[in-house]
Amino acid sequence: MAVLDEMEGNIESRKRQFLQYREKLKDVVTFQVMSTGVSLNYAYVPVLLPSEEQAEKAYLTLKEKGITVRRYFYPSLDTVEYFGAKVECAVSRDVASRILCLPIFYGLDEEIVDEVCSVISDIVD
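All values derive from a computational prediction rather than experimental measurement.

Each value, and the rule that gives it
- Residues numbered from 1 in each chain as written.
- Predicted model: local features only at pLDDT ≥ 70, side-chain atom pairs only at ≥ 80, totals over all residues.
- Heavy atoms only, no water.
- Helix = DSSP H or I, 4+ residues; strand = E, 2+ residues; numbered from the N terminus.
- Buried < 20%, exposed > 50% of the residue type's maximum accessible area, 1.4 Å probe, protein only.
- Contact = heavy atoms within 4.5 Å.
- Areas by Shrake-Rupley, 256 points an atom, 1.4 Å probe, with all protein chains shown as cover.
- Lys, Arg positive; Asp, Glu negative; His and termini not counted.
- Charge placed at Lys NZ, Arg CZ, Asp CG, Glu CD.
- Phe/Tyr/Trp six-rings, centres within 6.5 Å; stacked < 30°, edge-to-face > 60°.
- Lys NZ or Arg CZ within 6 Å of the ring centre and 35° of its normal.
- Salt bridge = Lys/Arg side-chain N within 4 Å of Asp/Glu carboxyl O.
- Axes fitted to C-alpha atoms, helices over the stretch in contact; angles between N-to-C directions.
- Left-handed = near helix turned anticlockwise from the far one by under 90°.
- Nonpolar A, V, L, I, M, F, W, Y, C, P; charged D, E, K, R; others polar.

### So, the overall build of the chain
In step 1: What the chain contains, in helices and strands, is four helices and three strands.
In step 2: Secondary structure of the chain in N-to-C order comes out as α-β-β-α-α-β-α.
In step 3: Counting only C-alpha atoms, the chain reaches 45 × 35 × 30 Å along its principal axes.
In step 4: The proportion of buried residues among the 125 residues of the chain is 36%.
In step 5: Contacts spanning at least 24 positions in sequence make up 71% of the contacts within the chain whose residues lie at least 6 apart.
In step 6: Here the chain has roughly 8400 Å² of accessible surface; of this, 52% comes from carbon and sulfur atoms.
In step 7: Taken as two groups, the 14 positive and 21 negative side-chain charges of the chain have centres that lie 3 Å from each other.

### Some remarks on the packing of aromatic side chains
In step 1: Using the criterion set out here, one finds three aromatic pairs in the structure.
In step 2: With centroids separated by 5.5 Å and ring planes inclined at 65 degrees, the aromatic side chains of Y44 and Y72 adopt a geometry described as edge-to-face. Pair noted here: Y44 is in the loop between β1 (30–31) and β2 (45–48) and Y72 is in the loop between α2 (52–64) and α3 (90–98), with a separation of 28 residues, a long-range link.
In step 3: Taken together, the ring pairs in this structure connect Y44, Y72 and F73 into an aromatic cluster.
In step 4: Sitting above the plane of the F31 ring, R22 keeps its charged end 4.7 Å from the centroid.
In step 5: Over the ring of Y74 we find R71, and its NZ or CZ is 3.9 Å from the ring centre.

### Looking at the pattern of salt bridges
In step 1: This structure, assessed with the given rule, holds six salt bridges.
In step 2: Between R93 and E88 there is a salt bridge, with its nearest N and O atoms 3.7 Å apart.
In step 3: Classification of R93 by relative accessible area gives partly exposed; the value is 32%.
In step 4: Residue E88 is classed as exposed on the basis of its relative accessible area, which comes to 56%.

### Brief notes about the packing of α2 against helix α4 (residues 110–124)
In step 1: At a minimum axis separation of 10 Å, α2 and α4 run at an interaxial angle of 145 degrees. The handedness of the crossing between α2 and α4 is right-handed. The residues of α4 that touch α2, namely those facing Q54, K57, A58, T61 and L62, are E115, V116, V119, I120, I123 and V124.
In step 2: Residues that form the contact of α2 with α4 fall into these classes: seven nonpolar, two polar and two charged.

Such coordinate-based values are descriptive only and should not be taken to indicate function.
Okay, here's the thing in structure tokens:
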């Protein structure tokens, strides 16, 4: 089913969620810095937690609550044997170990965003 007629509403819904995450987690996690002049479609909310242990604990805690967060970019591709990387990418490994992509989609309840933020805040503090 095509949703082009609903695209603006979908993006607006995800934008509200994105801004809610940013406001509630601004002092807790690191958000990606966007280049100037870039327009967002709010398809992803990648956040960087202070440690791998905290990222893993947040992932598992939210999973237990039935809330799906994703460990995108994990593991770092230089550690995947199939790709045969010849160089260790320390920055990539560090970021890959600490990044989570938070749920964002049209119709996501504000209460779920609050719950995600609460769990992450409790773990990081």
